Amino acid sequence: MAGVRVQVVRAWPDRFDTEDLSLPEGATVADALAATRIAQAGVAGTAVYGERVQPDAPLRDGDRLELLGPLLADPKDARRRRAQAQAGRTRR
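Residues numbered from 1 in each chain as written. Predicted model: local features only at pLDDT ≥ 70, side-chain atom pairs only at ≥ 80, totals over all residues. Heavy atoms only, no water.

Student: Report on the sheet that holds strand S3 (residues 45-48), specifying residues and quantitative values.
Tutor: Across a sheet, paired strands are connected by hydrogen bonds in the backbone, their directions being either parallel or antiparallel. Reading across the sheet, the five strands line up as S2-S1-S5-S3-S4 and stay open at both edges, with mixed pairing between neighbours. Of all the strands in the sheet, just strand S2 (16-24) and strand S4 (51-53) have a single pairing partner and so form its edges. Each strand axis lies, on average, 35 degrees off the axis of its neighbour in the sheet, ignoring direction. (Pairing = 2+ DSSP bridges. Helix = DSSP H or I, 4+ residues; strand = E, 2+ residues; numbered from the N terminus. Axes fitted to C-alpha atoms, helices over the stretch in contact; angles between N-to-C directions.)

Student: Any chance you could break down the environment of valine 29 for me, citing the residues and the numbers?
Tutor: Assignment of secondary structure puts valine 29 in helix H1 (residues 29-35). Residue valine 29 is classed as buried on the basis of its relative accessible area, which comes to 0%. As a C-alpha pair, valine 29 and leucine 72 span 43 residues in sequence and 24 Å in three-dimensional space. (Buried < 20%, exposed > 50% of the residue type's maximum accessible area, 1.4 Å probe, protein only.)

Student: Residues and numbers for the pattern of salt bridges, please.
Tutor: Considering all chains together, one arrives at five salt bridges under this definition. Here arginine 37 makes a salt bridge to glutamate 19, at a shortest N to O gap of 3.6 Å. Linking arginine 37 in the loop between H1 and S3 with glutamate 19 in strand S2, this pair joins segments that are 18 residues apart in sequence. Arginine 37 gets classed as exposed once you look at its relative accessible area, which sits at 74%. For glutamate 19, a relative accessible area of 10% gives the class buried. (Salt bridge = Lys/Arg side-chain N within 4 Å of Asp/Glu carboxyl O.)

Below is the structure:
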């Protein structure tokens, strides 16, 4: 039987869950999401090896499907705060 093996991963700061799936050839991200037992509450998106993908993206044998959580801080605001803090320091 031809198919694709995919690893589904969800990570938190202090732990992670992983599940290996065997899916039919031509399976998509949506198929993997339907097949996984990993909780999907709070998932903000998906990625394959760190590259964002849509639910209709095809999966290849050996892919790692990552379930992404929401951003904890707006990157622009975080950079602005760091720049302001750094500007307040005196240079010698």
